Amino acid sequence: MTEHTFDLVILGGGSGGYAAALRAAELGKTVALIEKDKVGGTCLHRGCIPTKALLHAAEVADHSRDAAHVGVRATFDGVDPEALRAYREGIVAKKFKGLEGLIRARGITTVPGAGVLQADRSVRVGDDVYRGTDVVLATGSYSRSLPGLEIGGRILTSEHALDLGEVPARVVILGGGVIGVEFASVWRSFGAEVTIVEALDHLVPNEDLALSKGLERAFRKRGIAYSLGVRFASATQTAEAVTVTLEDGKTFEADYLLVAVGRGPATDGTGFAEAGIAMDRGFVTVDEQLRTNLPGVWAVGDIVPGLQLAHRGFQQGIFVAERIAGLDPVAVPETLIPKITYSSPEVASVGLTEARAAEVHGADAIVSYEYNLAGNGKSEIIGTAGLVKVVRKKDGPVIGVHLLGDRVGELLTEGQLAVGWEAHPEDIAPFIHAHPTQSEALGEAFLALAGKPLHAL
């Protein structure tokens, strides 16, 4: 057995883990980053980056179909799965190489292998033991299924869907959240018949109701079918197809079933519970500073209850590294973390929904305004419908920004600044939005809430 000593040992090299490693190294700490697969984790290799490459390819497919509308002669002749795979994998490989180079340049020691936390707060990797003054747990998440629903064959998770060597003719997607909606958008653009099964009453049910309803209208127009408000009962498969049955007896048959019912914390086999880490349904329990119940042990990313987003992991990793270094970083509350669903149209939000704002502040204490993208020149040019919705406290600051439409995710940072800085619409109204841009739609909503609408009544 060989022992290695560092200022900081990090178990997990995904978004939260490598962000903590990079920032700690910047601050002069010696760092060991333990990763059983590849640094970058799910986001880089099996999540955010490859799925967005697919979504871009889907956008190109849609543009080729619609090219005649803008006077360009083009045809859509189908998708080449192998060429699509090469495009996607090329992007991932380039980003991975860059990340590896950055980690090496910061002097971080990368340890390949599955780490297990020990009772003395060390981490064992094979026959080696890594000890740190501080330890960060960042082991990420995995694709969940439902009780009795076995993954395999024609029943897929998102990881399997990425590697699928064909464009299916018919797909059923179990789950109408972010992952399900994004794959529905991709496959429909590639020509598949798609049906989403969501047990709750709306698609993207955690978003403001105006966005959920708007996305449902857009998906109907695109020919994406969905069943809402009825639970999944069972799935059976043959060599040729899979049949999905709902609790009301309705059935759907398809080439594949994608199970997109969320992600669970990847903490099994890590030794966390055995080492005395406080756990709750597999998640690691932390305080507001991301400290576990064991001194010197911290946790970040998807194993911490809350939004499972790569950029949340980045922020938490940076926060913990700075706390360990003796700095006093600002904690970012969950409501200030931006959320984007990269479907067509995109769904983007930050802050409180109107319903949540009414619960927190009272319905009479809030005001909301919706601006339809039909009034926005750039949105008309690129051919997207949608809306901007801003929620404010009456005579007070902006507390929620909600966007629907192609490319609106790029507008969300302005909304995040408005909510995070507790800006009043009257404060923002004097700032000019360049014309013609989609950002003008957000500006129009701020102008209207400030009592001086321009391109609206």
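Just so it is clear, the model here is predicted, and its values are computed rather than measured.

A.B. asks: I'm lost on the overall build of the protein chain in this one. Help?
C.D. replies: Assigned secondary structure in the protein chain consists of 13 helices and 24 strands. In terms of C-alpha radius of gyration, the protein chain reaches 23 Å, essentially the compact-globule figure of 23 Å for 457 residues. Its C-alpha atoms give the protein chain principal-axis dimensions of roughly 70 × 60 × 45 Å. Within the span of the protein chain, comprising 457 residues, buried residues form 50% of the whole. A fraction of 63% describes how many contacts in the protein chain between residues 6 or more apart in sequence connect residues 24 or more apart. Surface summary for the protein chain: the accessible area is close to 21,100 Å², and the carbon and sulfur share equals 52%. The average position of the 43 basic charges and that of the 57 acidic charges among the side chains of the protein chain differ by 2 Å.

A.B. asks: Teacher, can you tell me more about the sheet that holds strand β24 (residues 398-405) here?
C.D. replies: Each strand in a sheet pairs with another by means of backbone hydrogen bonds, the pair being arranged parallel or else antiparallel. Sheet architecture is open: five strands sit in the order β20-β21-β24-β23-β22, paired in antiparallel fashion. If you trace the sheet from one side to the other, it starts and ends with β20 (339-341) and β22 (366-372), each paired once. With direction set aside, neighbouring strand axes in the sheet form an average angle of 10°. By the bridge criterion, seven bridges tie β22 to strand β23 (residues 387-393) in an arrangement that is antiparallel. Residue pairing in the sheet places Asn372 in a bridge with Leu387 of β23. Contacting β22, β23 and β24, helix α9 (residues 354-361) runs over the sheet at an angle of about 170° to β22. Packed onto the sheet, helix α11 (residues 412-420) meets β20, β21 (346-351) and β24 and runs at close to 170° relative to β24.

A.B. asks: I keep staring at the pairing of β21 and nothing clicks. Help me out?
C.D. replies: Within a regular strand, side chains alternate between the sheet's two faces. The element β21 is largely enclosed, with a buried count of six among its six residues. Pairing of β20 with β21 involves three bridges; the strand directions are antiparallel. Each residue of the ladder has a partner; that of Thr341, found in β21, is Val347. Between β20 and the antiparallel strand that follows it, β21, lie four residues. In terms of strand pairing, β21 meets β24 through six bridges, oriented antiparallel. Paired with Glu346 across the strands is Gly405, a residue of β24.

Cut-offs applied
- The residue numbering used here restarts from 1 in each chain and proceeds along that chain's sequence as written.
- Restriction of local features to residues with pLDDT of at least 70 applies here, the model being predicted, together with a cutoff of 80 or more for giving and counting side-chain atom pairs; totals for whole chains, interfaces and linings are based on all residues.
- Note: side-chain values were computed over all heavy atoms of the structure, leaving out hydrogens and water.
- Only runs of H or I of at least four residues qualify as helices and only runs of E of at least two qualify as strands under DSSP, and these elements are numbered from the N terminus.
- Radius of gyration here is computed from C-alpha atoms only, and the compact-globule reference equals 2.2 Å multiplied by the residue count raised to the power 0.38.
- Three labels apply to residues, based on accessible area from a 1.4 Å probe with only protein chains included: buried if under 20% of the type maximum, exposed if over 50%, partly exposed otherwise in between.
- Any two residues having at least one pair of non-hydrogen atoms within 4.5 Å are treated as being in contact.
- Per-residue accessibility takes into account occlusion by the displayed protein chains alone, with areas from the Shrake-Rupley method and a 1.4 Å probe.
- Neither His nor the chain ends is counted toward charge; the positive residues are Lys and Arg and the negative residues Asp and Glu.
- Note that the charge is assigned to NZ on lysines, CZ on arginines, CG on aspartates and CD on glutamates.
- By this definition, two strands are paired if DSSP reports at least two bridges between them.
- Where helices are involved, their axes are fitted lines through C-alpha atoms of the stretch in contact, as for all axes, and angles between N-to-C directions lie from 0 to 180°.

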